[in-house]
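# Coordinate analysis (summary)
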Amino acid sequence: MAQSRHFETNLIHAGANPDNEYGALATPLYQTSTFIFETAEQGGRRFAGEEGGYIYTRLGNPTTRQLEERMASLEGMEDAAATATGMGAVASALMANLSMGDHLISSNAVYGCTYALLTEQFARFGIEVTMVDMSDHQQVTAALRENTKAIFLETPVNPNMAVFDLAWIGQFAQKNNLLSFVDNTFLTPYLQKPKDFGIDVVIHSATKYLNGHGDVIAGIICASKEQIELIKFTTLKDMGATISPHDAWLILRGLKTLAVRMDRHCENAMKIATFLEEHPSVSKVHYPGLKSHAAHRFIGKQMSKAGGVIAFELNADYKQSISFLNQLSIFKIAVSLGDAESLIQHPASMTHSPYTPEARALAGISDNLIRISVGLEHSQDLIDDLANSLSLINNS
Ligand code: LCS
């Protein structure tokens with residue numbers, strides 16, 4: 001039934017309520033590492049998979065389960081697996097499906113630690129990765145090999161807000177029998193549902209908008225029942241990036257306001273992007289909500305709105321860019337995104353420092369690129385803060 005309800009209702013109600021004999025409105029928090037078996041035989045049956053029921057929180061927990069069912073419903077997928085971190089989600093999902101000798105096609109612009117995982121860690125395990133500009137479909141096609149198993153991307157890209165054509169990528173993957181993975185962290189299922197374009201596995205850093213309050217590190221993977229079972233009973237079980245039930249509980253609380261928060265993030269971001277685009281100290285603004293953005297045509301088709309992250313380039317050298325950050329007062333200099341507080345950071349020296357300078361240049365991450373995560377403060381206060389700091393650039 002929940003499937004036919006609206007997204008905003010599912011944010012609050014989707015997924016079975018864990019045991020709730022007292023009728024608590026909020027999801028009960030099962031802060032327990034293990035579960036008591038009534039008899040030794042019952043323990044054996046649960047381990048053998050002959051009987052349902054919980055065993056040990058690394059393998060499953062009722063509070064976590066509600067988060068998984070809710071997120072699966074929101075992404076329109078059959079099932080989900082919650083993880084300790086977003087990187088735990090990326091690594092568990094990919095490593096459950098790739099083995100030594102397999103080949104992966106990835107976008108050349110991805111979050112810095114994802115880049116390190118794909119280039120440094122995967123190389124140690126004999127998994128080959130080709131990184132391409134995913135807006136160039138010829139490059140994607142040319143990267144295909146006999147041993148290509150999967151394709152991975154973020155859209156919009158962290159940090160430079162490039163957008164890729166999910167319908168084309170979904171079809172390309174299906175035609176070539178590849179498993180497709182999309183990191184949907186920047187938009188959340190409220191603004192973009194990769195499943196609608198035939199994508200197989202959707203990944204999130206739940207640290208960001210899903211939780212939304214800057215107090216949790218977590219991740220989630222949404223996919224078919226079969227795929228989630230594979231991930232849960234291989235990489236997640238044996239490598240152990242399992243979420244804490246307390247973090248799952250906090251994310252369930254944060255999710256209830258996702259739609260209202262995202263609307264405000266998008267509204268504020270649009271005003272700030274417009275302000276930045278008109279400012280003489282800013283040479284380029286990367287925000288798909290702006291008509292000037294190369295992928296503006298995807299708004300209203302692939303993604304309903306452009307989200308709350310903006311990247312921009314200053315007409316300034318490195319020293320001036322750093323001084324611009326240091327002069328801000330409401331914007332906090334911090335990595336991460338998706339919180340109530342507006343955050344600002346310098347990708348080349350912070351989130352994307354695992355890249356070599358050459359790889360950064362290829363991925364379009366210049367040294368004067370600044371990324372902001374627009375928070376929920378009043379937009380005028382944010383614009384005033386930016387205007388004040390920008391006015392000091394030429395004097396620094
Ligand atoms: N995927 C994307 C798109 C991300 O932006 C991040 C983290 C991750 C995965 C990993 O998630 P985590 O393990 O941190 O929960 N992005 C960060 C960023 O841009 N600044 O700090 C972390």
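As the structure is a prediction and not an experimental result, all values here were calculated from the model.

## Remarks on the overall build of the chain
Counting its secondary structure elements, the chain contains 14 helices and 12 strands. Dimensions of the chain, computed from the C-alpha atoms along their principal axes, are close to 75 × 55 × 35 Å. With 396 residues in all, the chain has 53% of them scored as buried. Nonlocal contacts in the chain, meaning residues at least 24 apart in sequence, comprise 72% of its contacts between residues at least 6 apart. Within the structure as shown, the chain displays about 17000 Å² of accessible surface, and the carbon and sulfur contribution to it stands at 53%. Distance from the positive charge centre (30 side chains) to the negative charge centre (42 side chains) of the chain: 2 Å.

## Quick look at the packing of aromatic side chains
Here the structure, examined in full by the defined rule, presents six aromatic pairs. For the pair Trp168 and Phe172, a centre-to-centre distance of 5.1 Å together with 10° between the ring planes defines the contact as stacked. With Trp168 and Phe172 both in helix α7 (residues 166-175) and four residues apart, this pair spans about one turn of that helix. By relative accessible area, which is 24% here, Trp168 ends up partly exposed.

## Comments concerning a nonpolar patch on the surface
Together, Phe47, Tyr56 and Leu59 give the surface a local cluster of nonpolar side chains, amounting to about 300 Å² of exposed area. Looking at the secondary structure, you find Tyr56 in the loop between α2 (40-48) and α3 (62-75).

Parameters and conventions
- Every chain begins its residue count from 1, and numbering advances along the sequence as written.
- Reporting of local features is limited, given that this is a predicted model, to residues whose pLDDT is at least 70; pairs of side-chain atoms are given and counted only at 80 or more, and all residues count toward the totals for whole chains, interfaces and linings.
- To obtain the side-chain values, all non-hydrogen atoms of the structure were used and water was disregarded.
- The numbering of helices and of strands both runs from the N terminus, where a helix is a DSSP run of H or I of at least 4 residues and a strand a run of E of at least 2.
- Each residue's exposure class comes from its accessible area (1.4 Å probe, protein chains only) as a fraction of the maximum for that residue type: buried when under 20%, exposed when over 50%, partly exposed otherwise.
- Between two residues, a contact is recorded if the distance between any of their heavy atoms is within 4.5 Å.
- Surface accessibility follows the Shrake-Rupley procedure with a 1.4 Å probe radius. Residue values consider only the protein chains on display as shielding.
- Charge counting follows a simple rule: Lys and Arg are positive, Asp and Glu are negative, and His as well as the terminal groups are ignored.
- Charged groups are reduced to one reference atom each: NZ for lysine, CZ for arginine, CG for aspartic acid, CD for glutamic acid.
- Classification of ring pairs rests on two measures: the distance between centres of Phe, Tyr or Trp rings, Trp counted by its six-membered ring, which must be within 6.5 Å, and the angle between planes, read as stacked under 30 degrees, edge-to-face over 60 and tilted in between.
- Surface patches are defined over residues having more than 30% relative accessible area and no salt bridge, joining like charges when they lie within 9 Å and nonpolar side chains (Val, Leu, Ile, Met, Phe, Trp, Tyr) when within 5 Å.
- Within this document, salt bridges are pairs made up of a side-chain nitrogen of Lys or Arg and a carboxyl oxygen of Asp or Glu, the two lying within 4 Å of each other.

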